[in-house]
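The lines below spell out each chain.
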Amino acid sequence: MYMGRVVGSIESSQKDASLVGRKLMIVQQINSDKETIRYEEVAADTVGAGIGEYVLLVKGAGARKTSKEASQTRDVVDCAIVGIIDRFNK
């Protein structure tokens, strides 16, 4: 699991059928000090996150299993937002 900050969104009129109806967000990975690490990437939003929010991300098979209907169909998602971070406690 990773942490990130939503920095934008993506609109796409042509995409794989498994992405239809999903909100695609641009996410910047961060560390526990909220500092930018690595690079921006696109994640399918499963929790209704907004721009500027800190989120939890999963990648790979975990990202594809976030949707109940995905288990019955082909799914191309490789990164998904699965939680919104309320606060960082250190």
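Just above sits the structure.
The following paragraphs examine the structure supplied in this document. Keep in mind that what you see is a predicted model, and the values were worked out from it rather than measured. (Residues numbered from 1 in each chain as written. Predicted model: local features only at pLDDT ≥ 70, side-chain atom pairs only at ≥ 80, totals over all residues. Heavy atoms only, no water.)

We now examine the packing of aromatic side chains. Following the criterion strictly, the structure yields 1 aromatic pair and no others. Look at Y54 and F88: their rings are 5.5 Å apart centre to centre, the planes differ by 90°, and that puts the pair in the edge-to-face class. Here Y54, found in strand β4 (residues 54-59), pairs with F88, found in the segment after β5 (79-84); they are 34 residues apart in sequence, far enough to count as distant. In this structure, K59 packs its charged tip against the face of Y2, placed 4.6 Å from the ring centre. (Phe/Tyr/Trp six-rings, centres within 6.5 Å; stacked < 30°, edge-to-face > 60°. Helix = DSSP H or I, 4+ residues; strand = E, 2+ residues; numbered from the N terminus. Lys NZ or Arg CZ within 6 Å of the ring centre and 35° of its normal.)

Next up on the list: the environment of Q28. Inspection of the secondary structure assignment puts Q28 in strand β2 (residues 23-30). When the C-alpha atoms of Q28 and R38 are compared, they prove to be 7.8 Å apart, with 10 residues separating the residues in sequence. In this view, Q28 contacts M3, G4, R5, V7, T36, I37, R38, Y39 and E40; residues no more than four positions away in its chain are not counted. Looking at Q28, its side chain comes within polar contact range of the main-chain oxygen of I37, at 2.9 Å. (Contact = heavy atoms within 4.5 Å. Polar contact = N/O pair within 3.5 Å; in protein donor to acceptor, adjacent residues only side chain to side chain.)

Attention shifts here to the sheet that holds strand β1 (residues 2-10). Taken together, 5 strands build a closed barrel; the order of strands is β1-β2-β3-β5-β4 and the barrel is mixed. Direction aside, the axes of adjacent strands within the sheet are offset by 55° on average. (Pairing = 2+ DSSP bridges. Axes fitted to C-alpha atoms, helices over the stretch in contact; angles between N-to-C directions.)

Another aspect to go through is unusual backbone geometry. In terms of backbone geometry, most residues other than glycine have negative phi values and most peptide bonds are trans. Positive phi outside glycine occurs at K34, with the angle close to 65°. Among the secondary structure elements, K34 is positioned in the loop between β2 and β3 (36-45). Located in the positive-phi region is R38, a residue other than glycine, with phi close to 55°. Inspection of the secondary structure puts R38 in strand β3. The class of R38 is exposed, set by a relative accessible area of 56%. (Buried < 20%, exposed > 50% of the residue type's maximum accessible area, 1.4 Å probe, protein only.)

In this section: the side chain of E41. With respect to the secondary-structure elements, E41 resides in strand β3. In terms of polar contacts, E41 uses its side chain to reach the side chain of Q29, at 2.6 Å. Excluding anything up to four places from it in sequence, E41 contacts M25, I26, V27, Q29, K59 and C79.

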